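Take a look at the letters that make up each chain.
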Amino acid sequence: MIDSYLRSPYQKIIINPILRTPLLKRTVPNALTTLALITGLLTGYFLFSQRIILSIVFLTLSGFLDTLDGSLARHLHKTSDTGAAFDIFSDRVVETAIIIGLFLYAPSRGMQALLMLASSYLCVTSFLVVGIFSGNDSEKSFHYSPGIIERAEAFIFFALMILFPSFFTALSYLYTALVLTTAAIRMLQFYKQKHLTTL
């Protein structure tokens, strides 16, 4: 949801100037995806190690790199199906690592972490199913179906859970509920769209 409203100014103010730097012109987009993956995995590790500041730093870095890799690929005209697939897969690996890290930070959070993973699994399934049966009209390499909880919102929730551990339970339940709501709305909208086109 945040991405839908703020992506354009964020792209113009922050990403586009960076794309024009000489260093990035010589960078392979998949290298940025790999760095986003590594820094995301390190976020989970630092959570396990209970190093809060490093967790936040690497969470932010991973999220930033993830917004940069696709833009760089489009800027250099190097978009590809393999790059898009690697990006999507890496995103899910990072989110899984962070949720596991949140659990390992305090193993008593097992049920909350399980619910977050389950809701993410169902939401990703709804995203992929709708994407398979819908045409692509976005700048991305695949059909993009926005929702209440997208990657920016997820990272904000993760940051809040890291910074305010006493509110973890409430935040995790709210996250789970919003992710499930996103999946339900997406499937309902898809059903209505397909049902109307067949009338």
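Just so you know, these numbers come straight off a predicted model, no measurement behind them.

### A closer look at the overall build of the protein chain
Move 1: Helices and strands together make up the secondary structure of the protein chain, namely 8 helices and 0 strands.
Move 2: Starting at the N terminus and ending at the C terminus, the protein chain contains elements arranged as α-α-α-α-α-α-α-α.
Move 3: Taking 199 residues into account, the globule formula puts the C-alpha radius of gyration at 16 Å, and the protein chain, at 17 Å, falls close to it.
Move 4: A burial count over the protein chain gives 40% of its 199 residues as buried.
Move 5: Put simply, of all contacts in the protein chain between residues at least 6 apart along the chain, 74% involve residues at least 24 apart.
Move 6: Accessible surface for the protein chain amounts to roughly 10,900 Å². Of this, 72% is attributable to carbon and sulfur atoms.
Move 7: In the protein chain, the 15 positive side-chain charges and the 11 negative ones have mean positions that sit 4 Å from each other.

### Overview of the confidence of the model for the protein chain
Move 1: Mean pLDDT over the protein chain: 89, with 90% of residues reaching 70 or higher.
Move 2: The least confident element of the protein chain, judged by mean pLDDT, is helix 1 (residues 2–19) at 82; the most confident is helix 3 (residues 29–48) at 96.

### As for the pattern of salt bridges
Move 1: Applying the stated criterion to the full structure yields 4 salt bridges.
Move 2: Between Asp66 and Arg151 there is a salt bridge whose closest N-O contact spans 3.0 Å. Of this pair, Asp66 sits in helix 4 (residues 52–75) while Arg151 sits in helix 7 (residues 151–163); the two residues are 85 residues apart in sequence, bridging distant segments of the chain. Arg151 matches Asp66 in its accessibility class, with the two residues each being buried.

### Some words on helix 4
Move 1: Look at helix 4: 35 Å from first C-alpha to last across 24 residues, which is about the 34 Å you get at 1.5 Å a residue.
Move 2: Of the residues trailing helix 4, His77 is marked for its positive phi of about 60°.

### Examining helix 5 (residues 81–105)
Each full turn of the α-helix corresponds to 3.6 residues, which orients residues three or four apart in the same direction.
Move 1: Here helix 5 is 25 residues long and its end C-alpha atoms lie 36 Å apart, about the 36 Å a rise of 1.5 Å per residue gives.
Move 2: Of the positions making up helix 5, those classed as buried are Gly83, Ala84, Asp87, Ser90, Asp91, Val94, Glu95, Ala97, Ile98, Ile99, Gly101 and Leu102.

### A word on the nonpolar core
Looking at soluble globular proteins, one finds that nonpolar side chains tend to be buried together.
Move 1: Formed by 24 residues in total, the largest nonpolar core has its most connected members in Leu59, Ile98, Leu102, Met116, Phe158, Met161 and Tyr175.
Move 2: For this core, the elements supplying multiple residues, two or more each, are helix 3, helix 4, helix 5, helix 6 (110–132), helix 7 and helix 8 (168–197).
Move 3: With 7 residues, the single largest contributor to this core is helix 7.
Move 4: Setting aside residues no more than four positions away along its own chain, Leu102 makes contact with Leu47, Arg109, Met116, Phe158, Met161, Ile162 and Phe168.

### Re a nonpolar patch on the surface
Move 1: A contiguous nonpolar surface patch, about 590 Å² in accessible area, is contributed by Leu35, Ile38, Leu42, Tyr45, Phe48, Ile100 and Leu104.
Move 2: Elements with a minimum of two residues in the nonpolar patch: helix 3 and helix 5.
Move 3: Per element, the largest residue contribution to the nonpolar patch is 5 residues, and it comes from helix 3.
Move 4: When its relative accessible area of 33% is taken as the criterion, Leu104 is described as partly exposed.

### Notes on unusual backbone geometry
Apart from glycine, the bulk of residues carry a negative phi angle, and the bulk of peptide bonds sit in the trans form.
Move 1: Non-glycine residue Gln50 carries a positive phi angle of around 60°.
Move 2: In this structure, His77 takes a positive phi of about 60° despite not being glycine.
Move 3: With a relative accessible area of 72%, His77 lands in the exposed category.

So, how was this worked out
- Residues numbered from 1 in each chain as written.
- Predicted model: local features only at pLDDT ≥ 70, side-chain atom pairs only at ≥ 80, totals over all residues.
- Heavy atoms only, no water.
- Helix = DSSP H or I, 4+ residues; strand = E, 2+ residues; numbered from the N terminus.
- Rg over C-alpha atoms; globule rule 2.2 N^0.38 Å.
- Buried < 20%, exposed > 50% of the residue type's maximum accessible area, 1.4 Å probe, protein only.
- Contact = heavy atoms within 4.5 Å.
- Areas by Shrake-Rupley, 256 points an atom, 1.4 Å probe, with all protein chains shown as cover.
- Lys, Arg positive; Asp, Glu negative; His and termini not counted.
- Charge placed at Lys NZ, Arg CZ, Asp CG, Glu CD.
- pLDDT = per-residue confidence, 0-100.
- Salt bridge = Lys/Arg side-chain N within 4 Å of Asp/Glu carboxyl O.
- Expected span 1.5 Å × (residues − 1).
- Core = buried A, V, L, I, M, F, W, Y, C linked by side-chain atoms within 4.5 Å.
- Patch = residues over 30% accessible without salt bridge, like charges linked within 9 Å, V, L, I, M, F, W, Y side chains within 5 Å.

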